[in-house]
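# Observations on the three-dimensional arrangement
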Amino acid sequence: MNWQPKEDFSVTVKLLSAAKEIAEMFWHEESKYCLLCGMPSSSGVCSNCNKLYFCPEQQRCFSCGKLLENGSNQCQDCRKGHGPKFLDKVTTFGYYGGAWKQFIHNIKYKGQPYLLFALAQDLTSWAIKQLPPPDCIVPVPLHPNRLALRGFNQAEVLASILAGYLGISFKDILLRTKDTTPQAALGRQERLANLKSAFDLKPGVLIEGEEIWLVDDVVTTAATIGECAEVLKKFGARKVYAFCLGAGREKLE
Amino acid sequence: MLFYILRDKEGGIYPSPFPFLDKLYNGACSYLYPGCPLEFIKRYLQDINALMPSQNEILREISRGLKKEGSLFPGQVQWLEIDASSSYKEECQKVDLEKKLEASFLSMIEGRLITEGEFPSLAGALGIRAAELPVLLHLAVIKGYGEWRPGLTRTNNSWRCERCGDENCQRWPSYYGEAATCLGCKSIGPVTSLQVIFRSYGKERQGRKKKREEHTQPNQDWQFTPAQSVAAADLLLFINKLTVKEALVWAACGAGKTEITFPVIEQYLQEGKRVLYAAPRQDVVHDIQPRLQRYFNSYKVKIMSGLVQADWTACPLTVATTHQILKFYRAFDLIILDEMDAYPYADNRVLEAGINRAIKNSGKIIYLTATPSDSVLQKVRRWECYLTRLPARFHGYPLPVPEFLKIEPPRLDLGRITYSRSLLAIRDYLQELMFEGQLFVFVPTISMVGKWVEALSSLFKDKKITGSWSSDPERKNNVTNFISGNYDLIVCTSILERGITVPKAQVAVLYADHALYDVRTLVQMAGRVGRTAASPQGRVLFIAGRQSKAIKDAIRWIKDQNELAAQGGFLRDR
């Protein structure tokens, strides 16, 4: 029974598998999984999640960034004049819910800001498609106390990604002067009042006549970005556009 | 959480998140403002050579660090007196610390590793505000029940996680220079180097009464088979008489290895000790918890897995998935590890290290498996691990011995399976097996599943045939349908090798000499047959062009088990 060629065969197999391992070092196909749902996918986010959360075919309200259902370009609240006054256009990347909300939470609260880099390409191309190219990109600041506690500013990470990919200068020029209650804990009216004169421009910065992208993670009432835009406009910015990762959907009665 | 450097009157320095508490209990008098993450402080204090550095040296070192890492701290780095009337005091008094630091809280945190991510859940369990919990934990640190550890510590050129010990991490730039998030234990809540972990010392508290609860007789509604009672007695011997720390129960597939640990668990529980029953997969954990609860009905059996909400009550008996082990430190007197060779525990150094952290120094570990890994068998050979065999199934019939068929299954070069003599021969054998009952056909790779389903469907027009593999979205559906008898044949990869019981099942393994099949996989696949008392027998076919070492070994392992069972007199006379 014990015939010789079998041994030779196993040596060949070993050699071949070693050769294969070496080859894999050069031609390496990474198995990819969707960042949001974890299912196998060819790109960073699978087509299902892309449709579900990023809704590229849906309009966003140009003054507050909400996702709209009915094909118009402004939500009813903003038409009544409740929206922010100093922003020229707002766009949001996705619908703030489900797995996308979880993803943003992972970035913000669970110490994984590097996750954003996987989406850098998608974020940049969406932003530049929706907004006119600016002179500089400005993140919404955190209060120094909160920054010291969290260790990073997620808006800053996002802004620097956009700036890096587009080759536009990144300027961290805003200052948060009041350590406010987190907006997430408040209702609409409180949010607006909470932020009154909470922002300022860093001393010695000139933005006279510049077009600016303002970058934040989530927009709900647009109170934060509205307040920041007011400061920027006050110091002479010509246009202020805003880009955010997530926003709510307009609820129609 | 931010930590401050504290200095007491003798000049000793140490970090603390709540200077006021340390003034109250330790007599600390001044602290360095601003606060920084614990890892940052530890790293820069390390650089100071002096045994008892002066205030200025520390101040210089920390401001140098802040400047070096480019953090834009707006204020001035300075030493401040701890103000007894600071707002912290009010905060602390509101908590009414001493009263809250009672036995129930201490038993909750005993033997635990608590990350910042888990604080809200623990605070909820205690019924206090999330901001109060760190204060309470720090008081426990002051009183010597535990310590603060940074989430990750910097090693020479990388980071090491303080929870799982892994060095596989993602680095990112932060306000304090480079920071890192551990990727090894991300699935149970990420840890970053900016965060801290509360680690209990896990030592016995002084003055703790050994509770000998009134234990009602266990609710035993089944009988040990002779083989089981021998093995159970063997385990009791291992626990009580032997000095070896680990034991291996090498059981036949479907022998009832869970039950034989019950007498040992019972003894530990009666002594007031803590036991962990860990299994690698969620479904196994959720299957075993009710069985343990039914048996030990006078104790609460806690369940921990990704599927259920965190339960913080201290229980003598915990059932958990292996990942949850990372949440413990020197917590258990006995750990029972089920199916230790199954994914994800097999060859996972992180989880292996986790077991060794979770066990107390005096604790013991029992491994249960049908297919022990080489490393554990080596331990047995070196006398580092005690071996108990459980060779017979509960119904007393021997394990079906696999038959090797020297037929080369058709190759799949052309993309589909072509008719050939070997295919027809395989068809005849499969036909024969299907007379006996439902048939598992195992193939080594996912790409083969679809092709074989197609080929077999055209061969057996009157049979219902399905296929499944590990990442199949329809997997759960297909498998439950197969178990309930809606299909005659299932083509699958080795996903179904464990834990599935189908009465009258038969098994055919195609390409059994494939490199992906090792002896353990083959034994587990053969173990699908004859698991019920109603149909204790069946056939297993290994179909391949040549007899690989794994095939020989698998047949030998099964024969060995049967021989041992016969020697022990555990087999039913026929």
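Here is a short report on the structure shown in this document. (Residues numbered from 1 in each chain as written. Chains lettered and ligands numbered in written order. Predicted model: local features only at pLDDT ≥ 70, side-chain atom pairs only at ≥ 80, totals over all residues. Heavy atoms only, no water.)

On a plain count of helices and strands, chain A comes out with nine helices and seven strands. Counting the 253 residues in chain A, one finds 47% classified as buried. Pairs at least 24 residues apart make up 71% of the contacts formed inside chain A by residues separated by at least 6 positions. Accessible surface, chain A as shown: approximately 13,300 Å² in total, 55% of it carbon and sulfur. (Helix = DSSP H or I, 4+ residues; strand = E, 2+ residues; numbered from the N terminus. Buried < 20%, exposed > 50% of the residue type's maximum accessible area, 1.4 Å probe, protein only. Contact = heavy atoms within 4.5 Å. Areas by Shrake-Rupley, 256 points an atom, 1.4 Å probe, with all protein chains shown as cover.)

Next up on the list: the sheet that holds strand 7 (residues 239-247) of chain A. Residue and element names in this part refer to chain A. Here five strands make up an open sheet; going across it, the order is 1-7-6-2-3 and the pairing parallel. At either end of the open sheet lies a strand with only one pairing partner, and these are strand 1 (89-95) and strand 3 (169-170). Note: strand 6 (residues 211-219) against strand 7, eight bridges, orientation parallel. Bridged to Glu 211 within strand 7 is Lys 239. Against the sheet, helix 5 (residues 120-130) makes contact with strand 1, strand 6 and strand 7, and its axis sits at roughly 145° relative to strand 1, the strand it touches most. (Pairing = 2+ DSSP bridges. Axes fitted to C-alpha atoms, helices over the stretch in contact; angles between N-to-C directions.)

Take the interface of chain A and chain B next. Chain A puts 14 residues into the contact, and the matching count from chain B is 17 residues. Interface area for chain A against chain B, summed over the two sides, is near 1,400 Å², with a carbon-plus-sulfur share of 68%. Taken together, chain A and chain B are joined by zero salt bridges. The tally of links between chain A and chain B comes to three residue pairs in polar contact (both at pLDDT 80 or more). At the level of elements, helix 1 (5-26) and helix 6 (144-150) of chain A are the ones that each hand at least two residues to the side of chain A that touches chain B. (Buried area = accessible area lost by both parts, 1.4 Å probe. Salt bridge = Lys/Arg side-chain N within 4 Å of Asp/Glu carboxyl O. Polar contact = N/O pair within 3.5 Å; in protein donor to acceptor, adjacent residues only side chain to side chain.)

Residues and elements named next belong to chain B. Pairing in this open sheet of four strands is antiparallel, and the strands run 2-1-3-4 from one edge to the other. At either margin of the open sheet sits one strand with a lone partner, and together these are strand 2 (13-16) and strand 4 (78-81). On average, adjacent strands in this sheet sit at an angle of 35° to one another, irrespective of strand direction. Note that strand 1 (residues 3-8) and strand 2 share four bridges and pair antiparallel. Residue pairing for strand 2: Tyr 4 is matched across the bridge by Ser 16.

It is worth spelling out the nonpolar core at this point. The biggest cluster of nonpolar side chains holds 92 residues, and the ones touching the most others in it are B:Leu292, B:Ile366 and B:Phe440. Examining the composition of this core, we find that seven residues originate from one element, helix 18 (residues 549-568) of chain B, more than from any other. Counting 80 residues, the second-largest nonpolar core is a separate cluster that includes A:Ile107, A:Phe152, B:Trp79 and B:Val141. (Core = buried A, V, L, I, M, F, W, Y, C linked by side-chain atoms within 4.5 Å.)

Attention shifts here to helix 7 (residues 119-126) of chain B. Residue and element names in this part refer to chain B. All of the buried residues in helix 7 are Phe 119, Leu 122 and Ala 123. Along the long axis of helix 7, the arc covered by the buried residues comes to 100°, so they all point the same way. Buried residues belonging to helix 7 abut helix 6 (103-109), strand 5 (113-115), helix 8 (132-142) and strand 6 (146-150). One or two residues past the end of helix 7 sits Gly 127, with phi positive at roughly 75°. (Arc of directions from axis to C-beta.)

Residue and element names in this part refer to chain B. Between helix 14 (residues 421-436) and helix 15 (residues 446-459), the least distance of the axes is 11 Å, while the angle of their chain directions is 75°. One element, helix 14, and the other, helix 15, form an angle in the roughly perpendicular class. Between helix 14, through Leu 423, Ile 426, Arg 427 and Leu 430, and helix 15, the contact on the second element is made entirely by Trp 452, Leu 456 and Leu 459. Per-class residue counts for the contact of helix 14 with helix 15 are six nonpolar, no polar and one charged. (Parallel < 35°, antiparallel > 145°, perpendicular 65-115°, else oblique. Nonpolar A, V, L, I, M, F, W, Y, C, P; charged D, E, K, R; others polar.)

All names here are of chain B. Over its 14 residues, helix 3 (residues 55-68) extends 20 Å from the first C-alpha to the last, a length consistent with the 20 Å expected when each residue adds 1.5 Å. For helix 3, the complete set of buried residues consists of Ile 58, Glu 61, Ile 62, Gly 65 and Leu 66. Considered in projection along helix 3, the buried side chains sweep an arc of 130° and stay on one side of the axis. Pointing more than 90 degrees away from the buried face of helix 3 are the exposed residues Asn 56, Arg 60, Lys 67 and Lys 68. (Expected span 1.5 Å × (residues − 1).)

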